[in-house]
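Summary of structural features
Chain residues, written in single-letter form:
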Amino acid sequence: MHLSHLSLTDYRSYHRAELDLSPGPNVLVGSNGVGKTNVVEAIGYLATQESHRVSNDAPLVRFGATQAIIRGRVHRGERAVAVEIEINPGKSNRAAINRGAPQRAREALGLLRSVLFAPEDLSLVNGDPTVRRRFLDDLVVQLRPALGDARSDYDRVLRQRNALLKNARASRTWSDEHDHTLAVWDEHLSRAGARVLNGRLHVLQMLAVPLTESYAALAQGRKAAGFTYESTVPLAGGQHGTIPSEQELYEALLAELESRRKQERDRGVTLAGPHRDDLALTLGPAPAKGFASHGETWSMALGLKLASYRVLIADDADPDARPVLILDDVFAELDEGRRARLAALAADAEQLLVTAAVAGDIPGELAGPRIGVSLGEDGSMLDAEGAP
Ligand SMILES: Nc1ncnc2c1ncn2[C@@H]1O[C@H](COP(=O)(O)OP(=O)(O)OP(=O)(O)O)[C@@H](O)[C@H]1O
Ligand SMILES: [Mg+2]
C-alpha cells in the first residue's frame, strides 16, 4: 500500500501541512529541527495510533491548539481510502473514513499499515521492558486490529485492580468486600491478559526467523540475533514449542495471581501478567542489553523493525497490503556497507519514506522524489523553494 497525500492540522510544529507522496522511495531532507520526524511520526500515528516518541498524545498537538488532525489518502491496489484521525488529548480520539461520520478512532486501525524505524528505537535494545512490550503489542494490533480492545481492556482493569490493592494496603484493612472485588478483577484481568499474551506469543513465533535473518543480512557478523520471552505467567515463558491457547493462558494467569495473593497485598500492586513480562534480546550467547556494541545495538534495533516488516508481509500475502516502510534519520549512523545492505533490504517496499538532515547520507539506490522540508513563519510547511 502507499500514501499519496498527507495533510496535517495543528500537528506538532505544523499549523498546516500538505504533502504529496509517491510510491517507491520518498526522501525528506531538511535541517535539524525543521519537522521531518514530525511528518513521519504523523504517518506512523495514522497507522498505529501511537507515536514512536511519546506515550501520551498531548505533545502531538501544536502548542496553543486543542486538537490535531492527521489526514491521509491510502491506496491499496486499485482501492483508495481517505483516513482522518482527530487527536483530542484528555478526550477520546475520533476517526472518519472516506469523510464519513466521526466514529471511534479504533475503527481506522488496519487501514494503513506502516513500519517505522527511528533512532528512538535503540531503546528497544537498551531501554526498559516497557519499550519491548509496546513493540510487541503494536505489532499484535497491526496484525489483529481486534486485539487492540484486549490491550485497552487489560490496561483499564489493571489500573482498577492496582488501585484496589493500593487503597487496601494504605488503609491496612482487608475485608470480604475486597476479596469479592478482587476476584472480579482477577477474572477480567486474566481474560484480557490471556488474549494479549496469546497475541504476543503468536507474533514472537513469527518474528524469530526474520529477526535472525535481518540481523545477519545487515550486520554480516558471526553472532546470531535471537530472543526469549520472559513471562510472569509460567506457561508463556520461552519461545519454542506450541503456543498455549487463550483458555490455558487464562487459567495459568488466574492461578498465578492466586499464588501471589499475599505478596500482592503486601506490595499493593499486580505482580503477574503481560505488563510484567519482558522480551530478552540476545546476540550469540549474551544478552544484547548491556553487552552489545553501539553498532550492534543499531543493527539489532533495525533488525527487529525489519523483522516486523517481514512478519506483516508474511501475514498478508497480498502484495498490495505491504506496509509503508519509514526510516527516520538512520543512514547517517551506518557505515557504507550497512547503508547499501539496508537500501537493498528496503527496496521491495511499495513505498519507502526516508528522512535525513544531509542529502548525501542517502544511498544512491534510493533515488526518488526529494522533498525539501522547511517551516514557514505561520507554521505551514514550505517546499524546497520556500513556497507554501
Ligand atoms: N506540540 C508541538 N507544538 C509546536 N512545536 C512542536 C511541538 N512538538 C514538537 N515541536 C517542534 O518540532 C520541532 C522538531 O521537529 P522534528 O523532530 O520533526 O525535527 P527534525 O526535522 O526531525 O529534526 P532532526 O533532523 O534534528 O531529527 C522542534 O523544533 C520542536 O520544538
Ligand atoms: Mg528527526
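Residues numbered from 1 in each chain as written. Chains lettered and ligands numbered in written order. Predicted model: local features only at pLDDT ≥ 70, side-chain atom pairs only at ≥ 80, totals over all residues.

Some words on the overall build of the chain
- The number of helices and strands found in the chain is nine helices and 16 strands.
- C-alpha atoms of the chain, sized along the principal axes, occupy 70 × 50 × 40 Å.
- Burial analysis of the chain (388 residues in total) assigns 43% to the buried set.
- Sequence-distant contacts, at least 24 apart, represent 69% of the contacts inside the chain between residues at least 6 apart. (Helix = DSSP H or I, 4+ residues; strand = E, 2+ residues; numbered from the N terminus. Buried ≥ 20, exposed ≤ 12 C-beta atoms within 10 Å, placed from the backbone. Contact = placed C-beta atoms within 7 Å.)

A few points about the site of ligand 1
- Neighbouring ligand 1 are 16 residues; Ser13, Asn32, Lys36, Thr37 and Asn38 lie closest to it.
- The residue inventory of the shell around ligand 1, partitioned by class, reads five nonpolar, seven polar and four charged. (Near = placed C-beta within 6 Å. Nonpolar A, V, L, I, M, F, W, Y, C, P; charged D, E, K, R; others polar.)

Things to note about the environment of Ala349
- Tracing the backbone through its elements, the reader meets Ala349 in the loop between helix 9 (336-346) and strand 13 (351-356).
- Ala349 has contacts with Arg322 and Leu325, leaving out every residue within four places of it along the chain.

Points about the nonpolar core
- The biggest cluster of nonpolar side chains holds 106 residues, and the ones touching the most others in it are Ile43, Met300 and Ile326.
- Lining this core are residues from two domains, each supplying at least three of them: domain 1 (1-113 + 322-388) and domain 2 (121-319). (Core = buried A, V, L, I, M, F, W, Y, C linked by C-beta atoms within 7 Å. Domains from an automatic or database assignment.)

Regarding the domain arrangement of the chain
- What the domain assignment reports for the chain is domain 1 (1-113 + 322-388) and domain 2 (121-319).
- Once you take the C-alpha centre of each, domain 1 and domain 2 turn out to be 28 Å apart.
- With 15 residues of domain 1 at the interface, the matching set in domain 2 holds 15 residues.
- Considering each element in turn, the side of domain 1 that touches domain 2 owes the most residues, four residues, to helix 9.
- Looking at the side of domain 1 that touches domain 2, its residues break down into six nonpolar, two polar and seven charged.

Overview of unusual backbone geometry
- Within the chain, Arg12 stands out as a residue other than glycine whose phi angle is a positive 50 degrees.
- Following the sequence through the fold, Arg12 ends up in the loop between strand 1 (2-11) and strand 2 (14-20).
- Phi is positive for Arg99, which is not a glycine, with a value near 60 degrees.
- Mapped onto the elements of the fold, Arg99 is located in the loop between strand 6 (94-97) and strand 7 (103-104).

Concerning the packing of helix 4 (residues 147-171) against helix 5 (residues 176-219)
- Here helix 4 crosses helix 5 at 150 degrees, and the two axes come no closer than 8 Å. Relative to helix 5, the element helix 4 lies roughly antiparallel. Relative to helix 5, the crossing made by helix 4 is left-handed. For the pair helix 4 and helix 5, the contacting residues are Leu147, Ala150, Arg151, Asp153, Tyr154, Val157, Leu158, Gln160, Arg161, Leu164 and Ala168 in the first and His178, Thr181, Leu182, Trp185, His188, Leu189, Ala192, Gly193, Arg195, Val196 and Gly199 in the second.
- Across the contact of helix 4 with helix 5, the residue classes tally to 12 nonpolar, six polar and four charged. (Axes fitted to C-alpha atoms, helices over the stretch in contact; angles between N-to-C directions. Parallel < 35°, antiparallel > 145°, perpendicular 65-115°, else oblique. Left-handed = near helix turned anticlockwise from the far one by under 90°.)

Focus: helix 9
- For helix 9, the complete set of buried residues consists of Arg338, Arg339, Leu342, Ala343 and Ala346. Down the axis of helix 9, the buried set is contained in an arc of 135 degrees. They therefore lie on one face. Among the exposed residues of helix 9, those pointing more than 90 degrees away from its buried face are Glu336 and Gly337. (Arc of directions from axis to C-beta.)

Describing the environment of Glu18
- Along the polypeptide, Glu18 turns up in strand 2.
- Spatially, the C-alpha atoms of Glu18 and Leu6 are 5.9 Å apart, while their sequence positions differ by 12 residues.

Section: the pairing of strand 13
- Counting buried residues along strand 13, six of its six residues qualify, which places the element largely inside the surrounding structure.
- Of the two faces of strand 13, the one holding Gln351, Leu353 and Thr355 and the one holding Leu352, Val354 and Ala356 are both buried throughout.
- Here strand 12 (residues 324-328) pairs with strand 13 via four bridges, running parallel. Each residue of the ladder has a partner; that of Leu325, found in strand 13, is Leu352. (Pairing = 2+ DSSP bridges.)

Section: the sheet that holds strand 3 (residues 24-29)
- Strands sit in the order 8-12-13-3-14 across an open sheet of five strands; the sheet is parallel. Both edges of this open sheet fall to strand 8 (114-117) and strand 14 (370-372), since each of them pairs with a single strand only. Neighbour-to-neighbour, the strand axes of the sheet open up by a mean angle of 15 degrees, direction not taken into account.
- Where strand 3 lies against strand 13, six bridges are found, and the strand directions are parallel. From the neighbouring strand, Val27 faces strand 13, where its bridge partner is Val354.
- Relative to strand 8, helix 8 (residues 294-315) is tilted by about 175 degrees, and along the sheet it contacts strand 8 and strand 12.

Here's the deal with the sheet that holds strand 1
- On the basis of which strands lie adjacent, the open sheet formed by six strands has the order 2-1-4-5-6-7 and antiparallel pairing. Every interior strand has two partners, whereas the edge strands, strand 2 and strand 7, have only one.
- The sheet contacts of helix 1 (residues 36-48) involve strand 1, strand 2, strand 4 (68-76) and strand 5 (79-87), and relative to strand 1 the element is tilted by about 110 degrees.

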